[in-house]
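Next come the chains, spelled out residue by residue.
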Amino acid sequence: MEDVWFRPYIWADYRLAVLFTLIIPLILLIWAFVQKAEGIQRLLMIYWRVASLLAITIYLMIAEYPVSFISGLIARILIPISLWFWVDLNDEIEYQPSGPLKLIFTSWRWAVTVYSLLGAIAFLPFIGCAFSETAIKTPYCRVWFEAPLLFKDYFHHNSKPGFLGFLGIIFLVIYVLYLSYFVLIKLGKQGRSATPQ
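Residues numbered from 1 in each chain as written. Predicted model: local features only at pLDDT ≥ 70, side-chain atom pairs only at ≥ 80, totals over all residues. Heavy atoms only, no water.

Draft legend 1. Expanded view of the nonpolar core. Judged by nonpolar contacts, the single largest core of 32 residues is most densely connected at Ile40, Phe105 and Trp108. Counting only elements with at least two residues in this core, the list comes to helix H1 (7-35), helix H2 (38-62), helix H3 (67-84), helix H4 (87-94), helix H5 (100-123) and helix H8 (161-190). In terms of residues, this core owes the most to one element, H2, which gives 10 residues. Dropping the residues within four chain positions of it, Ile40 is found in contact with Ala32, Ile93, Gln96, Leu101, Lys102 and Phe105. (Core = buried A, V, L, I, M, F, W, Y, C linked by side-chain atoms within 4.5 Å. Buried < 20%, exposed > 50% of the residue type's maximum accessible area, 1.4 Å probe, protein only. Helix = DSSP H or I, 4+ residues; strand = E, 2+ residues; numbered from the N terminus. Contact = heavy atoms within 4.5 Å.)

What follows is the structure, encoded as structure tokens:
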């Protein structure tokens, strides 16, 4: 593939995503269960539901579907919202006694918020890849597929990209239906205290 100057930055973004959106929140969730910190547990469970859109995006990118650029951008926007939107959980976490878990959770919460928002801004120039058949075939857009294809080689070596993309589409439809139900019905009735169950 023709070299593009920003390839190292995209690979760095994928590495940061693994750290900030997968490894650290997984450790925090286990820690919160051990410490019985219910507010942090509930907020992290909400986070994982929302952040699953990133995993769906990876499968869509394996199949090189243009919609993956839209889902990737939306995921980066929804993650900070999911971490700060809930009034009751914010209060519960704020009044929790100070300790290492609260400090590290709060630090991660701010870090992933800044990372996601900066990532969304940096991703905006690539949104055109979702709407142009010509653009998506250029190295400018295709460079985003490299890391997901490497993921496929490691974890789904014998699977075809089309099949994995089909799974991505199915899960995307389920995600959109669940999110629509929550926003239009549950959130409309209960407001900012309507945490997903």
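Draft legend 2. View of the side chain of Thr113. Along the chain, the position of Thr113 falls in helix H5. In this structure the side chain of Thr113 is engaged in a polar contact, spanning 2.7 Å, whose partner is the side chain of Trp84. In terms of polar contacts, Thr113 uses its side chain to reach the backbone carbonyl oxygen of Arg109, at 2.6 Å. Thr113 has contacts with Pro80, Leu83 and Trp84, leaving out every residue within four places of it along the chain. (Polar contact = N/O pair within 3.5 Å; in protein donor to acceptor, adjacent residues only side chain to side chain.)

Draft legend 3. Just H2, in detail. For H2, which comprises 25 residues, the first-to-last C-alpha distance of 36 Å matches the rise-based estimate of 36 Å (1.5 Å per residue) to within 8%. Of all the bends in H2, the largest measures some 30° and sits at Val50. (Expected span 1.5 Å × (residues − 1). Bend = angle between axes of the 7 residues up to and from the residue.)

Draft legend 4. Quick look at the state of the cysteines. This model, assessed by the stated rule, comprises 1 disulfide. Cys129 shares a disulfide with Cys141; S-S distance 1.9 Å. Classification of the bridge connecting Cys129 and Cys141 rests on its S-S torsion, roughly -80°, and on that basis the disulfide is left-handed. Taken together, the positions of Cys129 in the loop between H5 and helix H6 (139-142) and Cys141 in helix H6 put the pair 12 residues apart, joining distant regions of the chain. No difference in accessibility class separates Cys129 from Cys141, as the two residues are buried. (Disulfide = S-S within 2.5 Å.)

Draft legend 5. Representation of the environment of Phe151 within the structure. Mapped onto the fold, Phe151 is located in helix H7 (residues 146-155). Distance from Phe151 to Tyr59, taken between C-alpha atoms, is 9.4 Å for residues 92 residues apart in sequence. When sequence neighbours within four positions are dropped, the list of residues in contact with Phe151 reads Ile58, Tyr59, Ile62 and His156.

Draft legend 6. Unusual backbone geometry, seen in detail. Positive phi values are uncommon outside glycine, yet Lys36 reaches one of about 55°. Secondary-structure assignment places Lys36 in the loop between H1 and H2. Judged by its relative accessible area of 66%, Lys36 falls in the exposed class. Within the chain, Glu64 stands out as a residue other than glycine whose phi angle is a positive 60°. Inspection of the secondary structure assignment puts Glu64 in the loop between H2 and H3. Taking the relative accessible area as the measure of exposure, Glu64 reaches 26% and is therefore partly exposed.

Draft legend 7. Focus on the layout of surface pockets. Its boundaries defined by the atoms lining it, the largest pocket holds a volume of some 800 Å³. Around the largest pocket, the lining comprises 31 residues; the ones closest to its centre are Tyr14, Ala17, Val18, Leu54 and Ile58. The set of elements that each furnish at least two residues to the lining of the largest pocket consists of H1, H2, H3, H5 and H7. Counting residues per element, the lining of the largest pocket draws most heavily on H2, which supplies 10 residues. Here the lining of the largest pocket is built from residues that sort into 23 nonpolar, 5 polar and 3 charged. If you add up the space inside the second largest pocket, you get close to 340 Å³. Mapped by element, the contributors of at least two residues to the lining of the second largest pocket are H2, H3 and H8. If you tally residues by element for the lining of the second largest pocket, the top one is H8, at 7 residues. Of the residues in the lining of the second largest pocket, the class split is 14 nonpolar, 2 polar and 1 charged. (1 Å grid on protein atoms, 1.4 Å probe; cavity = no way out; pocket = protein on both sides within 12 Å on 5 of 7 lines; lining within 4 Å. Points joined across faces, edges and corners; volume = space filled by probe spheres on them. Nonpolar A, V, L, I, M, F, W, Y, C, P; charged D, E, K, R; others polar.)

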